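# Observations on chain architecture
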Amino acid sequence: MAVMTFGFEEGKDIKDNSFPKFKGETNKTYVFGYAWDVGNEIFRAATGHFAQAAKKGWQCLSDPKKGTKEICCTYDYVGNEPKTKVGCVLVMYKTDEDQKITGIGEVLSWTFSPKTFQQLRKIYLEHGLVDIVATCSDSKYQTFTFVPKKTSAWTTEEKIKQHVKSKAAKVYEQLPKMLYTKMSLSEIKEHLGIASAGDSDASTGLSLDAIANSIPE
Ligand SMILES: [Zn+2]
């Protein structure tokens, strides 16, 4: 966003620019469609940590392809086991009591576990990209039972399709941030409470000898 200048009066339009997330409440039923902009790349995934003590999460810095492990995985703390999160964009439908679609609701991001992804994939392989009726059985763990609808309602009318697509594109861009925050090694160390004074000394690149030699006699 570009820098703006404004007074308190105009400032009423300044809003939190975080995108709302879908979160299920226990025993509630939702009907959603996968909202995509282009192609079939509907999902994004990232691996990261959530450090219980610091109540902070971040993207894992280890590289499984190279076989390198960073301090986020090797340091001893609750949360050092990296976990994968999957994200996508949903269009929520307005429905009646029988889950019959009556209108288009919000376009939201949704992050979930690989286990949930596999549940959805099973439905996709059998039914395609249809809308989903999701009943939340546990809000804490965000567990759902999913039942496929017969169609993808939002894609059947051109005007609605364009509306959802343009909204979905913006939310999709934000998805990586919704999964895990990117942090540097020193930021992670700080959240883990690992002293990093040594690092900043080392970053000057001077040996003790060099320092000793630089002191005038
Ligand atoms: Zn890690």
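Basis of the calculations
Residues numbered from 1 in each chain as written. Predicted model: local features only at pLDDT ≥ 70, side-chain atom pairs only at ≥ 80, totals over all residues. Helix = DSSP H or I, 4+ residues; strand = E, 2+ residues; numbered from the N terminus. Buried ≥ 20, exposed ≤ 12 C-beta atoms within 10 Å, placed from the backbone. Contact = placed C-beta atoms within 7 Å. Core = buried A, V, L, I, M, F, W, Y, C linked by C-beta atoms within 7 Å. pLDDT = per-residue confidence, 0-100. Expected span 1.5 Å × (residues − 1). Bend = angle between axes of the 7 residues up to and from the residue. Pairing = 2+ DSSP bridges.

So, on to the overall build of the protein. Scanning the protein from N- to C-terminus turns up 6 helices and 7 strands. Sequence-ordered secondary structure for the protein, helices as α and strands as β, is β-β-β-α-β-β-α-β-β-α-α-α-α. Expressed as a percentage of its 217 residues, the buried residues of the protein come to 19%. When contacts within the protein are restricted to residue pairs at least 6 apart in sequence, those whose partners lie at least 24 apart make up 65%.

Time to look at unusual backbone geometry. Of note, Asn 27 is a non-glycine position whose phi angle comes to about 70°, a positive value. Looking at the secondary structure, you find Asn 27 in the segment before strand S1 (29–34). For Asn 27, a count of 10 C-beta atoms within 10 Å puts it in the exposed group. In this model, Gln 99 sits at a positive phi of 60°, which is unusual for a non-glycine residue.

For the rest of this paragraph, the subject is the nonpolar core. Grouped together as the largest cluster of nonpolar side chains are 31 residues, with contacts concentrated most on Phe 32, Ala 35, Val 89, Leu 90, Val 91, Val 107 and Ala 168. Counting only elements with at least two residues in this core, the list comes to S1, strand S4 (83–95), strand S5 (101–112), strand S6 (132–138), helix H3 (158–179) and helix H4 (185–192). A per-element tally of this core places H3 first, with 6 residues. Sequence-distant contacts of Leu 90, that is, excluding residues within four places in its chain, are made with Phe 22, Phe 32, Gly 33, Tyr 34, Ala 35, Leu 108 and Trp 110.

The next subject is the confidence of the model for the protein. Here the protein averages 87 in pLDDT, while 82% of its residues score no lower than 70. Under a pLDDT of 50 for its full length, residues 199–204 has, in the predicted model, 1 contact with residues more than four places off or in other chains.

Below, the discussion takes up H3. Here H3 is 22 residues long and its end C-alpha atoms lie 31 Å apart, about the 32 Å a rise of 1.5 Å per residue gives. Where H3 bends most, at Glu 173, the angle is about 35°, and the proline Pro 176 comes one to four residues later. Of the positions making up H3, those classed as buried are Val 164, Ala 168, Val 171, Tyr 172, Leu 175 and Leu 179. As for H3, its buried residues are in contact with strand S2 (44–51), S4 and S5.

Bringing the pairing of strand S7 (residues 143–148) into the picture now. Sheet topology note: the S6/S7 ladder contains 6 bridges and is antiparallel. By the bridge assignment for S7, Cys 136 is matched with Phe 144. Once S6 ends, the chain turns through 4 residues before running back antiparallel as S7, passing Gln 142 with a positive phi of about 50°.

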